[in-house]
Amino acid sequence: MKTALGAHVLPTYARADVTFVKGEGVWLFDDTGKRYLDFLAGIAVVGLGHCHPGVAAAAHEQLDRLWHVSNLFWTRPMAELADRLSARFGGAQAFFCNSGAEAIEAGLKYARKATGKTGVIALEGSFHGRTFGALSVTGQPAKRAAFEPLVPDVRFARLNDAESLAAAAADGNVACVLLEPIQGEGGVHPATPAFLRAAADLAAANEALLFLDEVQCGLGRTGSFFAHERLGVRPHAVALAKGLANGLPIGALLVAEEAAGAFAPGDHASTFGGNPVTCAAACAVCDALDDALLANVEALGERLAAGLASLPGVCEVRGSGLLVGCELDRPAGPVVASCLDARLVVGSAGERVLRLTPPLVVSAEEVDRALEILDEVLA
Ligand code: PLP
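In this report, we go over the structure that sits alongside the text. (Residues numbered from 1 in each chain as written. Predicted model: local features only at pLDDT ≥ 70, side-chain atom pairs only at ≥ 80, totals over all residues. Heavy atoms only, no water.)

To continue, consider the pattern of salt bridges. Taken as a whole and judged by the stated rule, the model has 16 salt bridges. Linking Arg355 and Glu185 is a salt bridge whose minimum nitrogen-to-oxygen distance equals 2.8 Å. Taken together, the positions of Arg355 in strand E17 (residues 353–356) and Glu185 in the loop between strand E8 (182–183) and strand E9 (189–190) put the pair 170 residues apart, joining distant regions of the chain. Arg355 sits in the buried class, given a relative accessible area of 3%. Residue classification places Glu185 among the partly exposed positions, given a relative accessible area of 22%. Between Arg318 and Glu316 there is a salt bridge, and its shortest N-O distance comes to 2.9 Å. A relative accessible area of 11% means that Arg318 is categorised as buried. Assessed through its relative accessible area of 40%, Glu316 is described here as partly exposed. (Salt bridge = Lys/Arg side-chain N within 4 Å of Asp/Glu carboxyl O. Helix = DSSP H or I, 4+ residues; strand = E, 2+ residues; numbered from the N terminus. Buried < 20%, exposed > 50% of the residue type's maximum accessible area, 1.4 Å probe, protein only.)

We now examine helix H11 (residues 332–341). Burial in H11 covers these residues: Ala332, Val335, Val336, Cys339 and Leu340. Taken end-on, H11 shows its buried residues confined to a sector of 140°, consistent with a single buried face. Those residues of H11 that are exposed and aimed more than 90 degrees away from the buried face are Pro334 and Asp341. For H11, the elements touching its buried residues are strand E3 (35–38), strand E14 (323–328), strand E15 (344–345), strand E16 (347–348), E17 and helix H12 (364–378). Looking one or two places after H11, you find Arg343, whose phi comes out positive at around 70°. (Arc of directions from axis to C-beta. Contact = heavy atoms within 4.5 Å.)

Here's what the structure looks like:
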């Protein structure tokens, strides 16, 4: 019986009463055979669509060859993934882990070691993960309150307010300035190019690292491989995760070659980090993120945003590419639930914000179908 499913799972999520058993491209299928249009993609993870044949083939081939040897040895997929990410970044070294929070942890440790300082400037409304370090730099009091005391020396500035950034650096103890080019969980709020420039300048003036969290907005989601490419800054460090292996667990810290050299053997580690199967899948993802796909993200993102803007109850549409937030005149939770009933999977990001993060391979027809369903739900 369905209600028994999950009885032994700790209740950290308010899960919808749907059990998915299969995915294909932009479509999901539940255990009763119903088909859903997936405009969440596992929260901006399954960028190439469910069971993408190229990624599946790369993972299968590696599964038949070698699963794990530990980081005491080299494996080709891990080194080749680092090569690919470095080439896209324009010169970087990678540390691989298993999630976004771990990529943030790695970056926070790296910043301390590189600068000899402890302070972090992060932003109000940010989200960087649930582990102690990542939670400490997450600017959402409700998520932090039950778990304090957290890691010290973190100050929160306001998004797109350069003065508050400068005030947060007043004591000079700044190891890094950490921000999401687009705040995802915080409600889909983009940083302006001027604010990112100010953050880069402030980091430079304090001999600190500019550390960008592209866990959600990176890897093609905004229409460029890295979100920061569109914003005119070159960070010292970038955290990646979600879309990197199209749904297999992976995280990565990239350190720009000009900021490299702080970590030595023994400074940081992860048993599963750089797993060959996951890295083989991630190499296939990087190869698939070509100019044609990025152009699709841009075009379909514009189509989606334009369509959303004309729907009833929509006050504002924010974001970039296929990371779209839709501020509503009503709570988003019931709208998400009604969409699910109507076989459209969407998410929320805060009280009144619908979050749409479809696979990057979504078609114009699928965008139009999603808009039709949303129109009916919101009417
Ligand atoms: N950073 C950002 C911007 C995120 O959106 C998330 C997750 O939503 C994280 C970090 C944490 O990633 P994970 O859940 O893989 O630990």
